[in-house]
Amino acid sequence: MRCSFCEKEAVLRLRHANLRLCPEHVVARVEKEAQKAIHEFRMFAPEEKILVAVSGGKDSLGLWHILTKLGYKADGLYIDLGISEYSRRSREFCQEFARNHGLNLQVLSLQEELGAGLDEIAKALRGEPCAHCGAIKRYLMNRAAWEGGYAALATGHNLDDEAATLLGNTLRWDLEYLARQYPVLPAGPKLVRKVKPLIYVSEREMVAYCLIEGIRYIYEECPHSVGARSIFLKDILNRLEDEAPSTKITFLKSFLRVHHKLPAPKEAELRECPSCGMPTAAEGLCRFCRIKERMAQRAPA
Ligand code: AMP
Ligand code: FES
Ligand code: ZN
Ligand code: ZN
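A quick note: this is a predicted structure, and the numbers were derived from the prediction, not measured. The numbers attached to residues start from 1 for each chain and follow its sequence in the written order. Chain A is the first chain written and ligand 1 is the first ligand written, with later ones labelled in order. Residues qualify for local features only when their pLDDT is at least 70, as the model is predicted, and side-chain atom pairs are given and counted only at 80 or more; totals for whole chains, interfaces and linings, by contrast, use all residues. Computation of side-chain values covers all heavy atoms of the structure but excludes hydrogens and water.

1. Observations concerning the site of ligand 1
The condition is simple: Near is defined per residue: the residue qualifies when any heavy atom it owns lies within 4 Å of the molecule or strand. Definition of a polar contact: a pair of N or O atoms within 3.5 Å, with one able to donate and the other able to accept a hydrogen when the atoms are protein atoms, and with sequence-neighbouring residues admitted only if both atoms are side-chain atoms. Computed with the Shrake-Rupley method and a 1.4 Å probe, the accessible areas treat only the protein chains shown as cover for residues. Think of it this way: any DSSP run of H or I at least four residues long counts as a helix, any run of E at least two long counts as a strand, and we number them from the N terminus. Under this grouping Gly is polar, as are all residues other than the nonpolar Ala, Val, Leu, Ile, Met, Phe, Trp, Tyr, Cys and Pro and the charged Asp, Glu, Lys and Arg.
Lining the immediate environment of ligand 1, one finds Ala53, Val54, Ser55, Ser60, Leu77, Tyr78, Ile79, Lys137, Met141, Thr155, Gly156 and His157. Ala53 places a main-chain nitrogen or oxygen 2.5 Å from an oxygen atom of ligand 1. For ligand 1, a nitrogen atom lies 3.4 Å from a polar atom in the side chain of Lys137. Coverage of ligand 1 by the protein amounts to 74% of the 480 Å² it exposes when considered alone. Among the elements of the structure, strand E4 (73–80) and helix H6 (129–147) are those that each provide at least two residues to the shell around ligand 1. Sort the elements by how many residues they give to the shell around ligand 1 and E4 lands first, with three residues. Taken together, the residues of the shell around ligand 1 sort by class into six nonpolar, five polar and one charged.

Below, the structure is given as structure tokens:
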């Protein structure tokens, strides 16, 4: 199988783009698609300082690598959730990547921030770990980006992630969530712009990209993601894609074309949390500070 662009042997076939790619052209395509999304959605300019949230997985570490290669000034942020072996290993992959590439990585840990890891927090608050995890991560990512003076916070969400989220939102016709699903979320008071430069890059391309570029990452998923609905939705989309290549990219791009027709999401009135000063829709303490307070109350004096 020959590369669509040169004489070399292809290592990746992309039916949805009708391409066969050699290693060099896999790298070129992934970087081009990321750059295309950055320009198309005006995610950030070359002189702006970006914070990349890295989980230790292929997408976010790959994204950090891509942004650096494209000449952007990007630092990393890792949030140690304290999920035993999984967090320890994913943290090591992020630190190794930063060290090898001479990049700045900031590490925040729930143990230090809240006095306990995610499993302990979930037990104390009697909820599913994932329900608290999303809110805690969003808070810490935004706070770190705000305090560090970054112009944008980038996450590694890829085409497969976005198409699965879109399918979930569409199945419920959740107009609020659909309106909020966009590759760029604008900045607000103490809220940093959120961007997803990998929306056009599939999971398979990111696996190949990391392998070719020598990026080591954690293969395992978070232990709490077992049985998650997002995995089920991705599986369904993969089956559709097998039957009709380009289902995912067409689904996502067609949505983005009509996105402006959706009613604007309700703007929650934001106040400053009396404890941390970050924006919150809640009366009184923000959700993060409430969790912190609960965890402090249960700690032995
Ligand atoms: P997930 O919600 O786990 O699918 O992750 C989506 C994106 O959030 C990843 O691509 C990362 O950019 C970011 N992210 C996830 N977990 C962490 C973490 N522990 N620390 C920093 N960023 C993270
Ligand atoms: Fe949040 Fe697993 S990464 S619960
Ligand atoms: Zn080639
Ligand atoms: Zn607060």
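2. What about the coordination of the zinc ion (ligand 4)?
What counts is decided by this rule: Each metal's donors comprise the N, O and S atoms found within 2.8 Å of it (within 3.2 Å for Na, K or Ca). Water is not part of the atom list, so some coordination spheres may appear incomplete. Working definition: with a 1.4 Å probe on protein chains only, accessible area under 20% of the residue-type maximum means buried, over 50% means exposed, and in between means partly exposed.
Within the first shell, the zinc ion (ligand 4) binds the protein through Cys273 (SG), Cys276 (SG), Cys286 (SG) and Cys289 (SG), at distances of 2.3 to 2.4 Å. Of note, the zinc ion (ligand 4) draws all its donor residues from one chain, in the sequence arrangement C-x2-C-x9-C-x2-C. Of this pair, Cys273 sits in the loop between strand E9 (271–272) and strand E10 (279–280) while Cys289 sits in helix H12 (residues 287–298), and the two are 16 residues apart along the sequence. Residue class for Cys289 comes out buried when judged on its relative accessible area of 6%.

3. A look at the nonpolar core
Short version of the rule: Residues belong to a common nonpolar core when they are buried Ala, Val, Leu, Ile, Met, Phe, Trp, Tyr or Cys residues joined through side-chain atoms within 4.5 Å.
With 84 residues, the main nonpolar core has Phe44, Leu61, Trp64, Leu67, Ile121 and Ile136 as its most contacted residues. Top contributing element to this core by residue count: H6, with seven residues. Among the nonpolar cores identified, the runner-up in size contains five residues, and Ala163, Ala164, Leu167 and Leu233 belong to it.

4. A short note on the state of the cysteines
Basically, it comes down to this: Note on terminology: pairs of cysteine sulfur atoms within 2.5 Å are recorded as disulfides.
Applying the stated criterion to the full structure yields zero disulfides. Here Cys94 is not disulfide-linked; the sulfur of Cys210 is the nearest cysteine sulfur, at 12 Å.

5. Some remarks on the pairing of strand E5 (residues 105–109)
To be explicit about the condition: The rule for pairing is simple: two strands pair if DSSP sees at least two bridges between them. Every crossover in which the path from the first strand over the helix to the second runs clockwise, viewed with the strands pointing away from the viewer, is termed right-handed.
Judged from the five bridges that link them, E4 and E5 form a sheet pairing that is parallel. Following the sheet pairing, Gly76 is matched in E5 by Leu105. At this point the chain moves from E4, through helix H3 (residues 84–101), to the parallel E5, and the crossover so formed is right-handed.

6. Some words on the sheet that holds E5
Our working rule: Any two residues having at least one pair of non-hydrogen atoms within 4.5 Å are treated as being in contact. Throughout, an axis means a line fitted to C-alpha atoms (over the contacting stretch in the case of helices), and angles, computed between N-to-C directions, take values from 0 to 180 degrees.
Overall, mixed pairing links the six strands, which are arranged E5-E4-E3-E6-E8-E7 in an open sheet. In this open sheet, the two edge strands, each paired with only one partner strand, are E5 and strand E7 (184–185). Examined bridge by bridge, strand E3 (residues 49–53) and E4 share five bridges and lie parallel to one another. In the sheet register, Val52 faces E4, and the bridge partner there is Gly76. Helix H2 (residues 58–69) contacts E3, E4, E5 and strand E6 (152–154) of the sheet and is inclined by roughly 160° relative to E3. Across the sheet, H3 lies against E4 and E5, angled at about 160° from E4, the strand it touches most.

7. Let's talk about helix H5 (residues 118–125)
Note that an α-helix has 3.6 residues per turn; residues three or four places apart therefore point the same way. Formally: When we speak of the arc, we mean the arc of directions from the helix axis to the C-beta atoms.
For H5, the set of buried residues is Leu118, Ile121, Ala122, Ala124 and Leu125. Seen from one end, H5 has its buried residues packed into an arc of 165°, which puts them on one side. Elements that come into contact with the buried residues of H5 comprise helix H4 (110–114), H6 and H12. Within two residues after H5, Arg126 carries a phi angle of roughly 50°, on the positive side.

8. Focus on the coordination of the zinc ion (ligand 3)
Rule in force here: Angular criteria define each label, namely tetrahedral for four donors with all angles between 85 and 135 degrees, square planar for four and octahedral for six donors with opposite donors over 155 degrees apart and remaining angles between 65 and 115, and irregular for whatever fails these tests.
For the zinc ion (ligand 3), the protein coordination sphere consists of Cys3 (SG), Cys6 (SG), Cys22 (SG) and His25 (ND1), at 2.1 to 2.3 Å. Because the angles between the four donor atoms bound to the zinc ion (ligand 3) fall within 97 to 116°, the donor set is best described as tetrahedral. Sequence positions of the donors to the zinc ion (ligand 3) reduce to the motif C-x2-C-x15-C-x2-H.

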